[in-house]
Amino acid sequence: MFGNLINLIETDEHRLLRETVRKFVKDKVAPRASEIDEKDEFPEDIFKEMAEIGITGILIPEEYGGFGDDVLSAVIVLEEIARESASLALSLLAHSVLGAHPITRFGNPEQKKKYLPKLAKGEMIGALAITEPDAGSDNASITTIAKEEDDKFIITGSKIFITNGSIAGLVILYAKTSPEKGKDGISAFIFETNVPGFSVSKNFEKIGMRGSPTSTLFFENAPCPKENLLGEKDKGFNILVKCFEVERITIAAISLGIAISALEWQIRYSRERKQFGVPISEFQMIGEKIANTTAELEVVRTYIYLLAKNYDVNKDNRVESATAKLLAGELGVKASLDAIQILGGYGYTKEYPVERYLRDAKLMDIGAGTSEIMRYIISNVMLKKYLV
Ligand SMILES: Cc1cc2nc3c(=O)[nH]c(=O)nc-3n(C[C@H](O)[C@H](O)[C@H](O)COP(=O)(O)OP(=O)(O)OC[C@H]3O[C@@H](n4cnc5c(N)ncnc54)[C@H](O)[C@@H]3O)c2cc1C
């Protein structure tokens, strides 16, 4: 039966986590989901409540007050939240997966002790900044500079489309410390935003993921203490590439959440809506859409759960994480489009949430590496692998 295979992958702890998050989402998020979208405001109060039940601490080890560094738990939490509000899930992802996880994986003991407990409790919001106005898919071509000066680095440049940019107290920042060395001259920093020389634009007006703030960050000789260098100098690109793996697996979970809700609407509405004297679910062309969404969702979801569960078994998850993101991202869009089609004229209105699903789902073809870049990663590796 649908969903049975993931039961073989989840543990009892995972199931308990899902139940807890689902109840929270049903009670606290569902009633506010369309308001978050309409007002395009980050729901600080809900985030605080998320901190109270511990889920702002996903991907943070328990010894630092987090939920544990388990990728599958993060997938479950994000999928459940995204079933009602993908934008809230995206902001949680930017906080924990993009902001905290690099510190968990690459931080030294002092950095972990200083930042992870605050991030786990949601006292400080996290974000990540690599993209620049002229460096998107080609992230090695960033031009933000970090110049060493006494006991600090001085940062100059700008970063665009940064999720949580206007609310973050901490940003994992990528900048060039040795510009002449290209990607081998990039370093990663734990940048605290409460310093002179740092400013933020107003939030972008987006078609979807509304309520998850996205903005431009400006660094004009902004200081970052030397002890906040993450990993080694000039080795930041390796951190970026490794962290992209977990980012892509978990962002795929947001697409899964949207696809599950879209499928639920496809089923619910088609059973209720009657045309030609019968429920439209009796028409084979409607059944075909439901079957396709179900089949694709089952396969992609099972793949993502297996990948998340075994994340630490594989040393290199680059192709697998690109595959997960590519397939889930496109599935989220297709499932939402099919839900709109099944709802007919109503699907095209704001009376039902399926139009929001489509607007939200489309981001996952773009953010964290576009679908074209995911295909590039997969084909590039396969072409090299099988080159005789
Ligand atoms: C809502 C939102 C939130 C975001 N959050 C963050 C964040 O928190 N932190 C962050 O650093 N960034 C963030 N981003 C940025 C995001 O990761 C980039 O937008 C994305 O990587 C694409 O870069 P770009 O927009 O510059 O597009 P471009 O790289 O300019 O691409 C434009 C088009 O060209 C295609 N293209 C580019 N190169 C190739 C190629 N080699 N082969 C084939 N096609 C190619 C792309 O696929 C795309 O279709 C966010 C973006 C959005 C919209």
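It should be emphasised that the depicted structure is a prediction, and the values quoted were computed from it without experimental measurement.

K.L.:
Help me get a handle on the overall build of the protein, residues and values and all.
P.N.:
The helix and strand inventory of the protein stands at twelve helices and ten strands. What you see for the protein is a C-alpha radius of gyration of 21 Å, in line with the 21 Å of a compact globule of 388 residues. A fraction of 74% describes how many contacts in the protein between residues 6 or more apart in sequence connect residues 24 or more apart. Charged side chains of the protein number 48 positive and 56 negative; the gap between the two group centres comes to 2 Å.

K.L.:
Quick one: what's the story with helix α7 (residues 109-120), residue by residue and with numbers?
P.N.:
In a regular helix each residue adds 1.5 Å, so twelve residues correspond to 16 Å; α7 covers 16 Å between its end C-alpha atoms and thus fits that length. Listed as buried for α7 are Q111, K112, Y115, L116, L119 and A120. Mapping the buried residues of α7 onto a view down its axis gives an arc of 125°, with all of them on the same face. α7 presents E110 and K113 as exposed residues on the side facing more than 90 degrees away from its buried surface. The elements touched by buried residues of α7 are α6 (86-106), β1 (126-129), β4 (170-176), β5 (186-192) and β8 (229-230). Backbone geometry just after α7 places G122 at a positive phi near 75°.

K.L.:
Outline the packing of aromatic side chains, supporting the account with residue identities and numerical values.
P.N.:
In total, this model carries eleven aromatic pairs according to the counting rule given. For the pair F198 and F219, a centre-to-centre distance of 5.4 Å together with 55° between the ring planes defines the contact as tilted. Of this pair, F198 sits in strand β6 (residues 198-200) while F219 sits in strand β7 (residues 214-225), placing them 21 residues apart in sequence. Each member of the pair, F198 together with F219, is buried. Judged by centre distance (6.1 Å) and plane angle (70°), the ring pair of Y346 and Y352 falls under edge-to-face. Put simply, the rings of W265, Y269, Y346 and Y352 touch in pairs and so form one group of aromatic residues. Positioned above the aromatic ring of F244, the side-chain terminus of R248 is 4.1 Å from the ring centre.

K.L.:
Which residues make up the site of the ligand, and what values do they have?
P.N.:
Contacts to the ligand come from 19 residues, most closely from T131, S137, F161, T163 and T370. One nitrogen or oxygen atom from the side chain of T131 is found 2.7 Å from a nitrogen atom belonging to the ligand. In the environment of the ligand, an oxygen atom lies 3.4 Å from a nitrogen or oxygen atom belonging to the backbone of A368. Out of a free accessible area of 980 Å², the ligand has 64% covered by protein chains. Looking at the shell around the ligand, the elements that each hand over two or more residues are β1, β3 (152-163) and α12 (371-385). Considering each element in turn, the shell around the ligand owes the most residues, three residues, to β3. Residue assignment places the shell around the ligand across two domains, with domain 2 (127-234) and domain 3 (237-385) each supplying three or more.

K.L.:
Pulling in residues and values, what's your account of the environment of T144?
P.N.:
Relative to the helices and strands, T144 is located in the loop between β1 and β2 (145-149). Judged by relative accessible area, T144 falls into the buried class, the value being 0%. With residues near it in sequence (within four places) discarded, T144 still touches E132, I155, T156, G157, S158, K159, Y174, A175 and K176. Only 2.7 Å separates the side chain of T144 from the side chain of E132, close enough to count as a polar contact.

K.L.:
Can you explain α6? Please cite residues and give values.
P.N.:
Three- or four-residue spacings in an α-helix give side chains the same orientation, since the helix completes a turn every 3.6 residues. With 21 residues, α6 extends 28 Å between its outermost C-alpha atoms, agreeing within 8% with the 30 Å of an ideal straight helix rising 1.5 Å per residue. Roughly 40° is the biggest bend found in α6, and it falls at A100, with proline P102 one to four residues downstream. With respect to burial, α6 is a largely interior element, 19 of its 21 residues being buried.

K.L.:
Describe the domain arrangement of the protein, with residues and values.
P.N.:
Interface size, as often reported, equals the accessible area lost upon joining of the parts. Here the domain parsing of the protein yields domain 1 (4-125), domain 2 (127-234) and domain 3 (237-385). Taking the mean C-alpha position of each, domain 1 and domain 2 sit 23 Å from one another. Counting residues at the interface gives 25 residues for domain 1 and 22 residues for domain 2. The contact between domain 1 and domain 2 buries some 2,000 Å² in all, and 58% of this surface belongs to carbon and sulfur atoms. Taken as a group, D40, Q111 and I125 account for 27% of the area that domain 1 buries against domain 2, more than any other trio of residues on that side. Seen at the junction of domain 1 and domain 2, the total is three salt bridges. In this structure, R210 engages D37 in a salt bridge whose closest nitrogen and oxygen atoms are separated by 4.0 Å. The tally of links between domain 1 and domain 2 comes to 13 residue pairs in polar contact (both at pLDDT 80 or more). Its residues assigned to classes, the side of domain 1 that touches domain 2 shows 14 nonpolar, six polar and five charged.

K.L.:
Describe the packing of helix α9 (residues 284-309) against helix α10 (residues 318-347), listing the residues and the values that go with them.
P.N.:
Viewed as axis vectors pointing N to C, α9 and α10 meet at an angle of 155°, and their least axial separation amounts to 10 Å. Judged by the inter-axis angle, α9 sits roughly antiparallel to α10. In the packing of α9 onto α10, the handedness of the crossing is left-handed. Residues I286, K289, I290, N292, T293, E296, L297, V300, Y303, I304 and L307 of α9 form the contact with α10, whose participating residues are E320, S321, T323, A324, L327, A328, L331, K334, A335, D338, Q341 and I342. The class makeup of the residues in the contact of α9 with α10 is 13 nonpolar, five polar and five charged.

Conventions and cut-offs
Residues numbered from 1 in each chain as written. Predicted model: local features only at pLDDT ≥ 70, side-chain atom pairs only at ≥ 80, totals over all residues. Heavy atoms only, no water. Helix = DSSP H or I, 4+ residues; strand = E, 2+ residues; numbered from the N terminus. Rg over C-alpha atoms; globule rule 2.2 N^0.38 Å. Contact = heavy atoms within 4.5 Å. Lys, Arg positive; Asp, Glu negative; His and termini not counted. Charge placed at Lys NZ, Arg CZ, Asp CG, Glu CD. Expected span 1.5 Å × (residues − 1). Buried < 20%, exposed > 50% of the residue type's maximum accessible area, 1.4 Å probe, protein only. Arc of directions from axis to C-beta. Phe/Tyr/Trp six-rings, centres within 6.5 Å; stacked < 30°, edge-to-face > 60°. Lys NZ or Arg CZ within 6 Å of the ring centre and 35° of its normal. Near = heavy atom within 4 Å. Polar contact = N/O pair within 3.5 Å; in protein donor to acceptor, adjacent residues only side chain to side chain. Areas by Shrake-Rupley, 256 points an atom, 1.4 Å probe, with all protein chains shown as cover. Domains from an automatic or database assignment. Bend = angle between axes of the 7 residues up to and from the residue. Buried area = accessible area lost by both parts, 1.4 Å probe. Salt bridge = Lys/Arg side-chain N within 4 Å of Asp/Glu carboxyl O. Nonpolar A, V, L, I, M, F, W, Y, C, P; charged D, E, K, R; others polar. Axes fitted to C-alpha atoms, helices over the stretch in contact; angles between N-to-C directions. Parallel < 35°, antiparallel > 145°, perpendicular 65-115°, else oblique. Left-handed = near helix turned anticlockwise from the far one by under 90°.

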